[in-house]
Amino acid sequence: MKVFLAFEKEGFYAFTKGSSVLKLNSAYYKDFSLNIDRLLAIDTMIKLYLLFNKAETDKKISEDSRTPIPYYVLEFLGKEFKNIDFVQRNEKLKGVFANKQSMNMMYDFYKNLTSLYTEEYARVNGEEYNKMIKQEIEKDRIFVYNWIGESGGSIGLGTMI
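All of these numbers come straight from a predicted model, not from anything done at the bench.

(A) Quick peek at the environment of Leu-113. Relative to the elements of secondary structure, Leu-113 occurs in helix 7 (residues 100-125). Sequence separation between Leu-113 and Val-73 is 40 residues; the distance between their C-alpha atoms is 8.1 Å.

Dropping the structure here:
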């Protein structure tokens with residue numbers, strides 16, 4: 001459920017509120033977990049989970065053992081699919097995952113974006129990775145992130161979705 005929380009909300013929530021998505025009396029359980037079937041189709045959930053696993057695997061073998069940040073990859077991808085209905089969202093995601101080339105193109109973009117964000121965050125804030133991942137992404141530092149959200153645009157996925 002934390003994987004889908006990162007996609008639907010933000011990676012920050014997966015890191016900080018993820019444990020509450022399965023607690024019966026929590027707001028995240030009531031508002032998010034019980035409604036996941038209205039957000040994502042089962043096959044889409046499986047593909048998002050596999051994407052998360054790919055990012056986890058790449059993180060373990062990366063030079064810094066910290067990037068890509070799987071929840072950030074999902075958050076950035078999820079930003080592409082905000083404010084669209086269930087059918088349209090799942091059809092477009094089906095297109096992203098339709099073939100290895102389109103999936104890898106999308107993944108590589110977001111993988112690199114998480115690395116660049118991590119480097120920029122450390123440069124500007126001088127803070128450690130473990131502190132960074134427990135804070136919301138500083139969206140004003142990511143022009144591309146702002147462009148997606150404010151314009152409703154797409155980062156190179158338009159041809160895939």
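From this point, things continue past the structure.
(B) Expanded view of a nonpolar patch on the surface. A cluster of nonpolar residues, Ile-42, Ile-46, Tyr-49 and Leu-50, forms a patch on the protein surface that exposes about 430 Å² of accessible area. Structurally, Ile-46 can be placed in helix 4 (residues 42-61). Note on Ile-46: relative accessible area 48%, which makes it partly exposed.

(C) Structural context of the nonpolar core. Ranked by size, the top nonpolar core spans 37 residues in total, and within it Leu-51 and Leu-77 carry the most contacts. Secondary-structure elements contributing two or more residues to this core are helix 1 (2-8), helix 4, helix 5 (70-79), helix 6 (86-96), helix 7 and helix 8 (129-132). Among the elements that take part in this core, helix 7 stands out by supplying seven residues, more than any other.

So, how was this worked out
All residue numbers refer to positions counted from 1 along the written sequence of the respective chain. Local features are withheld for residues below a pLDDT of 70 in this predicted model, meaning they are given only at 70 or higher, and side-chain atom pairs are given and counted only at 80 or more; totals for whole chains, interfaces and linings count all residues. Only hydrogens and water are set aside; all other atoms, that is, all heavy atoms of the structure, feed into the side-chain values. The helix and strand labels rest on DSSP assignments: H or I over at least four residues marks a helix, E over at least two residues marks a strand, and numbering proceeds from the N terminus. Residues enter a patch when their relative accessible area is above 30% and they make no salt bridge; the linking distance is 9 Å between like charges and 5 Å between nonpolar side chains (Val, Leu, Ile, Met, Phe, Trp, Tyr). Only the protein chains shown count as cover for residues, with accessible areas throughout obtained via the Shrake-Rupley method and a probe of 1.4 Å. For this analysis, a salt bridge means a side-chain nitrogen from Lys or Arg found within 4 Å of a carboxyl oxygen belonging to Asp or Glu. Burial classes: relative accessible area under 20% of the type maximum marks a residue as buried, over 50% as exposed, and values in between as partly exposed (1.4 Å probe, protein chains only). Nonpolar cores are built from buried Ala, Val, Leu, Ile, Met, Phe, Trp, Tyr and Cys residues. Side-chain atoms within 4.5 Å join them into one set.

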